[in-house]
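Observations on chain architecture
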Amino acid sequence: MPTKKVFLIGAGPGDLELLTLKAIRALERADVLLIDDLVDREVIGLARKDVRVIEVGKRGGCRSTPQRFIERLMIRLARAGRTVARVKGGDPFVFGRGGEEVSALRAAGIDVGVVNGITAGIAAPAAIGIPVTHRECTRGVTLVTGHTRDGSAPDWAALARTGTTLVIYMGMSTLPAIIAGLQAGGMPAHMPVAVIQNATLPHQRSVVSTLSQASSDVTASGLGSPAIVVIGEVVRFAATNAEPVRQVA
Ligand code: SAH
């Protein structure tokens, strides 16, 4: 049996209509789907009727499938002649461990195709009308994680000084520490902040606040993961009909 291909597919932030045509075509070719827990189960309906589905949730803190196990499983399936679709939320190469998986597959001599998806860090702000860059107010955008494997934190004070929009993934559990670090770096208390949970899905919720109020507003709203935190002047463009708990003054 010739070794088949593995596709690392980005499923986008949630709304199925944000899948790319390339993702749909790769899904249609797959014999086996390996699905992450942030991926809407409706993607299964886009694959072949006889497709085998393996759920490999990896959400922090919950029961999850070890990364090495997932890599070995993909290698075994590909060597057994199966075409594998590894379906991940957002983009597979943005905080998605796609890089680790590509390395493991290549080391095993397996052909890998990467299919980009729309990353939550851009889709979530857009879902409430926020452009991550805007010529009037920012020089760029920084995508950063609030949660690292070894527990170390990004240098928030330094990030505050970049003048870029900060888009924070996995930042909900450390939000107070993130805000304290940004304030230590000189970010003003009135800097607009938006938090968008379950972006692009029917149960999307968001809060628009300021740096000094964001922690208490998020707690009051009950928002939790998965959410994107956006910090920067661009948050002023948030649509007023996005059901914010607090409006930017
Ligand atoms: N590869 C993914 C990110 C995986 S890390 C991507 O490119 O989007 C998981 C984090 O992504 C979550 O903790 C959350 O911060 C963010 N996230 C993923 N889907 C989201 C959604 N629908 N709404 C808000 N945040 C989301």
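Scroll up a little and you will see the structure.
Model, not experiment: these values are computed from the prediction. (Residues numbered from 1 in each chain as written. Predicted model: local features only at pLDDT ≥ 70, side-chain atom pairs only at ≥ 80, totals over all residues. Heavy atoms only, no water.)

1. Side note on the site of the ligand
The local shell around the ligand holds 17 residues, among which Pro13, Val94, Thr119, Ala120 and Ala227 are the closest. Between the ligand and Pro13, the relevant distance is 2.8 Å, taken from a nitrogen atom to a main-chain nitrogen or oxygen of the residue. Ala120 places a polar main-chain atom, nitrogen or oxygen, 2.8 Å from an oxygen atom of the ligand. Starting from 550 Å² of accessible surface for the ligand in isolation, the protein chains cover 92%. Grouping the amino acids of the shell around the ligand by side-chain chemistry returns twelve nonpolar, four polar and one charged. (Near = heavy atom within 4 Å. Polar contact = N/O pair within 3.5 Å; in protein donor to acceptor, adjacent residues only side chain to side chain. Areas by Shrake-Rupley, 256 points an atom, 1.4 Å probe, with all protein chains shown as cover. Nonpolar A, V, L, I, M, F, W, Y, C, P; charged D, E, K, R; others polar.)

2. Considering the sheet that holds strand S2 (residues 32–35)
With respect to topology, five strands assemble into an open sheet ordered S3-S2-S4-S1-S5, the strand pairing being parallel. Across the chains shown, the open sheet's two edge strands, defined by having one partner strand only, are strand S3 (52–55) and strand S5 (112–115). Neighbour-to-neighbour, the strand axes of this sheet turn through a mean angle of 20°, independent of strand direction. Contacting strand S1 (6–10), S2, strand S4 (84–88) and S5, helix H1 (residues 21–29) crosses the sheet at an angle of about 140° to S1. (Pairing = 2+ DSSP bridges. Helix = DSSP H or I, 4+ residues; strand = E, 2+ residues; numbered from the N terminus. Axes fitted to C-alpha atoms, helices over the stretch in contact; angles between N-to-C directions. Contact = heavy atoms within 4.5 Å.)

3. Some points on the sheet that holds strand S7 (residues 165–169)
The strand order S6-S7-S10-S8-S9 describes an open sheet built from five strands, whose pairing is mixed. The outermost strands of the open sheet, each flanked by one partner alone, are strand S6 (141–145) and strand S9 (205–210). Averaged over all neighbouring strand pairs, the angle between strand axes comes to 15°, with direction disregarded. By the bridge criterion, five bridges tie S6 to S7 in an arrangement that is parallel. Residue pairing across strands places Thr145 opposite Tyr169, the latter belonging to S7. Across the sheet, helix H7 (residues 214–221) is in contact with strand S8 (192–197) and S9; its angle to S9 comes to roughly 155°.

4. Overview of the pattern of salt bridges
Tallied over the full model, the rule gives nine salt bridges. Two residues, Glu55 and Arg41, come together in a salt bridge whose shortest N-O distance is 2.7 Å. Residue Glu55 is located in strand S3, and its partner Arg41 is located in the loop between S2 and S3; the two are separated by 14 residues in the primary sequence. What emerges from the salt-bridge pattern is a single network uniting Asp36, Arg86, Lys88 and Glu101. (Salt bridge = Lys/Arg side-chain N within 4 Å of Asp/Glu carboxyl O.)

5. Some points on the packing of helix H6 (residues 175–184) against H7
The geometry of H6 relative to H7 is characterised by a closest axis approach of 9 Å and an angle of 165° between their N-to-C directions. Considered as vectors, H6 and H7 are oriented roughly antiparallel to each other. Remark: the crossing between H6 and H7 carries right-handed chirality. Between H6 and H7, the residues in contact are Leu175, Pro176 and Ile179 and Ala214, Ser215 and Val218, respectively. (Parallel < 35°, antiparallel > 145°, perpendicular 65-115°, else oblique. Left-handed = near helix turned anticlockwise from the far one by under 90°.)

6. Brief notes about the nonpolar core
Counting 23 residues, the largest nonpolar core has Leu182, Met187, Val195, Leu211, Val229 and Ile231 as the members making the most contacts within it. For this core, the elements supplying multiple residues, two or more each, are helix H5 (156–160), S7, H6, S8, H7 and strand S10 (227–231). No other element matches the four residues that H6 contributes to this core. Residues contacting Val195, with those up to four places away along its chain left out, are Met172, Arg205, Ser206, Val207, Val218, Leu223, Ala227, Ile228 and Val229. (Core = buried A, V, L, I, M, F, W, Y, C linked by side-chain atoms within 4.5 Å. Buried < 20%, exposed > 50% of the residue type's maximum accessible area, 1.4 Å probe, protein only.)

7. A short note on H1
Every buried residue of H1 is listed here: Ala23, Ala26 and Leu27. Viewed end-on, H1 has its buried residues packed into an arc of 105°, placing them on one side of the element. Exposed side of H1, more than 90 degrees from the buried face: Leu21, Lys22, Arg25 and Arg29 are the residues found there. The elements touched by buried residues of H1 are S1, S2, S4 and S5. (Arc of directions from axis to C-beta.)

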